[in-house]
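The primary structure of each chain is shown beneath.
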Amino acid sequence: MKILGIESSCDESALSLIEIDKNRIKLLKNLISSQVEIHKQFGGIVPEVAARHHAENFFPLLKELDINIKTDVDLIAVTYGPGLITSLVIGLELGKTLSYIYKKPLIPINHIEAHIYSNWLTHNELFDKKKTFPVLAVVISGGHTQIFLMKNYGKYKLLGETVDDAVGEAYDKVAKILNLSYPGGPIINKLSLEFTEKPSFEFPRPMINTKDFNFSFSGLKTSVLYKWRDEKREKNQELIKEYCNAFENAVCDVLSKKIIRAAKKYNVKNIILGGGVSANSSIRNRISNDTQKLNIKTYFPEIKHTGDNAAMIAITGYFNINKKKKNNFKITADPNLKLPAC
Ligand code: AMP
Ligand code: MG
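A few points on the structure. It should be emphasised that the depicted structure is a prediction, and the values quoted were computed from it without experimental measurement.

1. Brief notes about the coordination of the magnesium ion (ligand 2)
Donor atoms from the polypeptide that bind the magnesium ion (ligand 2) are His111 (NE2), His115 (NE2) and Asp308 (OD), placed at 2.1 to 2.3 Å. For the magnesium ion (ligand 2), all donor residues lie on one chain, and their spacing in sequence is H-x3-H-x192-D. On the criterion of sequence distance, the pair formed by histidine 111 in helix α5 (residues 111-117) and aspartate 308 in the loop between β10 (297-299) and α12 (311-319) is long-range, its members being 197 residues apart. When sorted by exposure, histidine 111 lands in the same class as aspartate 308, which is buried.

Spelled out as structure tokens, the structure:
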């Protein structure tokens, strides 16, 4: 079975073609046109600008994909939420149009679910249902920080989420405070690793001891803001590295503690992370080390599948095959789409 994935929920226009044969995934094509350089000048994503570029990007991408949709595609999977409404509609309408012209069934995809399933693109053993579930699925991205208990494919119970900023949003805002470029996550990650000593100060770990599985990152960001504003030392590169390291330590502590507590409480067999922030090497190392002690296996997507991409949309189509419909043209984009509770 060959599935064409289409993604445009934020500032990445992406197309991918995957082939699934007896639970073996072949990534046949994977194209992403990122707008990072365009939005850098604004220090964040401007929705109208993003939408305009999606509209301009998709046809050249389709040409570059260079496939015969009539013969090379069985199904089309397209993101319909959550995300920026103006961005979502561009990919969704492309999906509907291709589905109509080539008479291929269309499957609407939840972008958050796709970040979770991005792990199935690489870790073949996850197809072994008995060994995989129950799973703790953690999405850490620019727009979301959520922990789900997943008892089976498509069965989600939201255990906790951020009550304010998403973790990626905190990374990007802290980078702005420290006069670093956009997006801030990868830059803070790199600078933090270059600081090899113990920082001379600590930032607070908001909500680390609350009994729920919620997070708060806005207060942490504000602590960085005030400390940086009142800083008496010379604001040189070394000091920026120290701030990055202290910030990342706080993020790792909070994420790891909550994830481990949820994993123990719900007695999960595996932990799966996904989303742009799951590319972070400090977070990967910390959570892998902490969970190893519990004998729970932790999975991360390949780095290329952590950010928004269409391969994860295509594989999520495979797990939602029951939703495939011909003439599925009534789907509308939903910027606040949630994963169905069970
Ligand atoms: P997404 O929302 O899934 O598209 O991911 C984008 C978010 O991931 C942005 O907030 C980035 O700053 C963040 N991000 C990407 N790479 C890293 C990294 N290595 N460390 C921390 N955050 C990252
Ligand atoms: Mg995303």
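2. Looking at the packing of helix α2 (residues 47-65) against helix α4 (residues 85-102)
Contact geometry of α2 with α4 gives a least axis separation of 7 Å together with a crossing angle of 25°. Taken together, the axes of α2 and α4 lie roughly parallel to each other. Between α2 and α4 lies a crossing of right-handed hand. On α4, the residues touching Pro47, Glu48, Ala50, Ala51, His54, Ala55, Phe58, Phe59 and Leu62 of α2 are Thr86, Ser87, Ile90, Gly91, Leu94 and Leu98. Of the residues belonging to the contact of α2 with α4, the class tally is 10 nonpolar, four polar and one charged.

3. Observations regarding the site of ligand 1
Close to ligand 1 lie 16 residues, the nearest being Gly142, Asp172, Gly185, Gly276 and Asn280. One of the side-chain N or O atoms of histidine 115 is found 3.4 Å from an oxygen atom in ligand 1. Coverage of ligand 1 by the protein chains reaches 84% of its 510 Å² of free accessible surface. Elements with a contribution of two residues or more to the shell around ligand 1: α7 (167-177) and α8 (184-194).

4. Comments concerning the pairing of strand β3 (residues 24-34)
Note that strand β2 (residues 12-21) and β3 share 10 bridges and pair antiparallel. Its bridge partner lying in β3, aspartate 21 is registered against arginine 24. As consecutive antiparallel partners, β2 and β3 are separated by two residues, and within that stretch lysine 22 has a phi angle of approximately 50°, a positive value.

Definitions and cut-offs
- Each chain has its residues counted from 1, following the order in which its sequence is written.
- Written order determines the labels here, with chains lettered from A and ligands numbered from 1.
- Local features in this predicted model are restricted to residues of pLDDT 70 or higher, and side-chain atom pairs are both shown and tallied only at a pLDDT of 80 or more, whereas totals for entire chains, interfaces and linings draw on every residue.
- In computing side-chain properties, one takes all heavy atoms of the structure into account and sets aside hydrogens as well as water.
- Keep in mind that water is not among the atoms, so a site may look incomplete; donors are the N, O and S atoms within 2.8 Å of the metal, or 3.2 Å for Na, K and Ca.
- Strands are runs of DSSP state E lasting at least 2 residues, helices are runs of H or I lasting at least 4, and numbering of each runs from the N terminus.
- Burial status follows relative accessibility: with a 1.4 Å probe on protein chains alone, a residue under 20% of its type maximum counts as buried, one over 50% as exposed, and anything between as partly exposed.
- Orientation is described by axes fitted as lines to C-alpha atoms, over the contacting stretch for helices, and by angles from 0 to 180 degrees between their N-to-C directions.
- An angle below 35 degrees is read as roughly parallel, one above 145 as roughly antiparallel, one from 65 to 115 as roughly perpendicular, and any other as oblique.
- When the near helix sits turned anticlockwise from the far one by under a right angle, the crossing is termed left-handed; a clockwise turn instead gives a right-handed crossing.
- Whether two residues are in contact is decided by their heavy atoms, any of which lying within 4.5 Å being enough.
- Nonpolar residues are Ala, Val, Leu, Ile, Met, Phe, Trp, Tyr, Cys and Pro. Charged residues are Asp, Glu, Lys and Arg, and all others, Gly as well, are polar.
- Whether a residue is near a molecule or strand depends on its heavy atoms: if one lies within 4 Å, it is near.
- Polar contact is the term for a pair of N or O atoms within 3.5 Å; when the atoms are in protein, one must be able to donate a hydrogen and the other to accept it, and sequence-neighboring residues count only if both atoms are side-chain atoms.
- In these tables, accessible area is a Shrake-Rupley quantity obtained with a 1.4 Å probe, and a residue counts as shielded only by the protein chains included in the view.
- When DSSP finds at least two bridges between two strands, those strands are taken to pair.

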